[in-house]
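Summary of the model geometry
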Amino acid sequence: MTTTHTLDVPGARLHYEVRGSGPLLLVMGAPMDAGAFAPLADALASTFTVVTHDPRGISGSTLDDPGQDSTPELRADDVAALLDALGAGTADVFGSSGGAVTGLALVARHPGRVGTLIAHEPPVMELLPDAAEQRAATEDIIETFHREGQPAAWMKFMANAGFDQPSDQCSGDGDGQAEAAPAPPVFEPSPRDIANGVRFFAHELRGTAAHVPDIAALKTATTRTVVGIGAASGGLVTYRTSMALAERLAVRPVEFPGDHGGFLGQPLEFAEVVRRVLKG
């Protein structure tokens, strides 16, 4: 059974969900909301009390000031408040993508609150040797959003991330004749998807991509930080950022099923790796 709750935090009201029983495990993303992690949370609920939430400004988590920018530090403070509301001194945390960046900020800003952090493919661009180029690419994506709208911005975002893009190229048949490649399925975003996309490009992407992990704080923390990388993520920029973080922390990365969103396509297999990591 899943129960839903709300929590007032400075400047926002957070939506969060609780399911399962056992040790407390927070599962989070950014900008991905609680719903995106439901299959993984369901798969983990037989072992853990799993808490998911919508980051501030996303889906059911509303803001007092809709123009407020979201940063990993602000989101980390929200998660600490969530732990307080749950009556938990500490918890384990699985964070993916921007949620992994939130987790890194949480460990640095709130020492002792996280037992194990699994940081799955955090886009910590500032750790890359081409950080200046990545910074420029982020600004170009944001400018594209304001100038041309979400579809164009998502195209640039996905291309920079390293994902294959739809192509209108033709393919040849057995007789050497060219034929049109099948059109990719059309994704029709819901009003909530569109609102979340606006929030991401206008108020969240820059802060997440610009975050510089406090390596010294992470290395001296009581928290065990595990860096996760998708088995199929070799061509993604988050593979490079994850490897850079693992090198800075002097830890061996752990391989998870799939790519950057492996928890979506293979939640059961993904959950087994989470369990194995948390067993230590």
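Residues numbered from 1 in each chain as written. Predicted model: local features only at pLDDT ≥ 70, side-chain atom pairs only at ≥ 80, totals over all residues. Heavy atoms only, no water.

Quick look at the overall build of the protein chain now. Of the regular secondary structure elements, the protein chain holds ten helices and eleven strands. Relative to its length of 280 residues, the protein chain is compact, with a C-alpha radius of gyration of 19 Å against a globular reference of 19 Å. Along the first, second and third principal axes, the C-alpha set of the protein chain runs to 65 × 40 × 40 Å. Counting across all 280 residues of the protein chain, residues that qualify as buried make up 50%. Roughly 12,800 Å² of accessible area belongs to the protein chain as shown, and the carbon and sulfur atoms make up 55% of that amount. Each charge sign in the protein chain was given a centre, from 20 positive and 35 negative side chains, and these centres are 8 Å apart. (Helix = DSSP H or I, 4+ residues; strand = E, 2+ residues; numbered from the N terminus. Rg over C-alpha atoms; globule rule 2.2 N^0.38 Å. Buried < 20%, exposed > 50% of the residue type's maximum accessible area, 1.4 Å probe, protein only. Areas by Shrake-Rupley, 256 points an atom, 1.4 Å probe, with all protein chains shown as cover. Lys, Arg positive; Asp, Glu negative; His and termini not counted. Charge placed at Lys NZ, Arg CZ, Asp CG, Glu CD.)

Tracing the sequence through the fold places Thr-116 in strand β7 (residues 114-120). Taking the relative accessible area as the measure of exposure, Thr-116 reaches 8% and is therefore buried. Other than its neighbours up to four places away in sequence, Thr-116 contacts Asp-92, Val-93, Thr-223, Arg-224, Val-226 and Leu-278. (Contact = heavy atoms within 4.5 Å.)

Moving on, we come to the packing of helix α5 (residues 150-161) against helix α6 (residues 191-209). Where α5 meets α6, the axes come as close as 11 Å, and the angle between the chain directions of the two elements is 60°. Comparing their axes, α6 and α5 come out oblique. Crossing geometry of α5 relative to α6 is assigned as left-handed. Of the residues in α6, those touching α5 at Gln-150, Ala-153, Trp-154 and Phe-157 are Asp-193, Ile-194, Gly-197, Val-198, Phe-200, Phe-201 and Leu-205. The class makeup of the residues in the contact of α5 with α6 is eight nonpolar, two polar and one charged. (Axes fitted to C-alpha atoms, helices over the stretch in contact; angles between N-to-C directions. Parallel < 35°, antiparallel > 145°, perpendicular 65-115°, else oblique. Left-handed = near helix turned anticlockwise from the far one by under 90°. Nonpolar A, V, L, I, M, F, W, Y, C, P; charged D, E, K, R; others polar.)

Turning our attention to the environment of Ile-229. Checked against the element boundaries, Ile-229 lands in strand β10 (residues 224-230). Judged by its relative accessible area of 5%, Ile-229 is buried. Residues within four places of Ile-229 in sequence aside, it is in contact with His-120, Glu-121, Tyr-239, Ser-242, Met-243, Pro-253, Val-254, Glu-255 and Phe-256.

Attention now moves to the nonpolar core. Formed by 37 residues in total, the largest nonpolar core has its most connected members in Leu-26 and Leu-245. Top contributing element to this core by residue count: helix α3 (residues 98-109), with six residues. If near-sequence neighbours (up to four positions away) are discounted, Leu-245 is found in contact with Leu-104, Pro-122, Val-124, Leu-127, Pro-213, Ile-215 and Val-227. (Core = buried A, V, L, I, M, F, W, Y, C linked by side-chain atoms within 4.5 Å.)

One pass over the structure, following the stated rule, counts twelve salt bridges. With its nearest N and O atoms 4.0 Å apart, the salt bridge here joins Arg-19 to Glu-17. Owing to a relative accessible area of 6%, Arg-19 belongs among the buried residues under this scheme. Since its relative accessible area comes to 14%, Glu-17 is described here as buried. The shortest N-O distance in the salt bridge between Arg-135 and Glu-126 comes to 2.8 Å. Bridged by salt links that share partners, the residues Glu-17, Arg-19 and Asp-42 form one connected network. (Salt bridge = Lys/Arg side-chain N within 4 Å of Asp/Glu carboxyl O.)

A word on the confidence of the model for the protein chain. Looking at the protein chain as a whole, the pLDDT averages 93, with 92% of positions reaching at least 70. A low-confidence stretch, residues 168-185 (pLDDT under 50), is modelled with 13 contacts involving residues beyond four sequence positions or located in other chains. (pLDDT = per-residue confidence, 0-100.)

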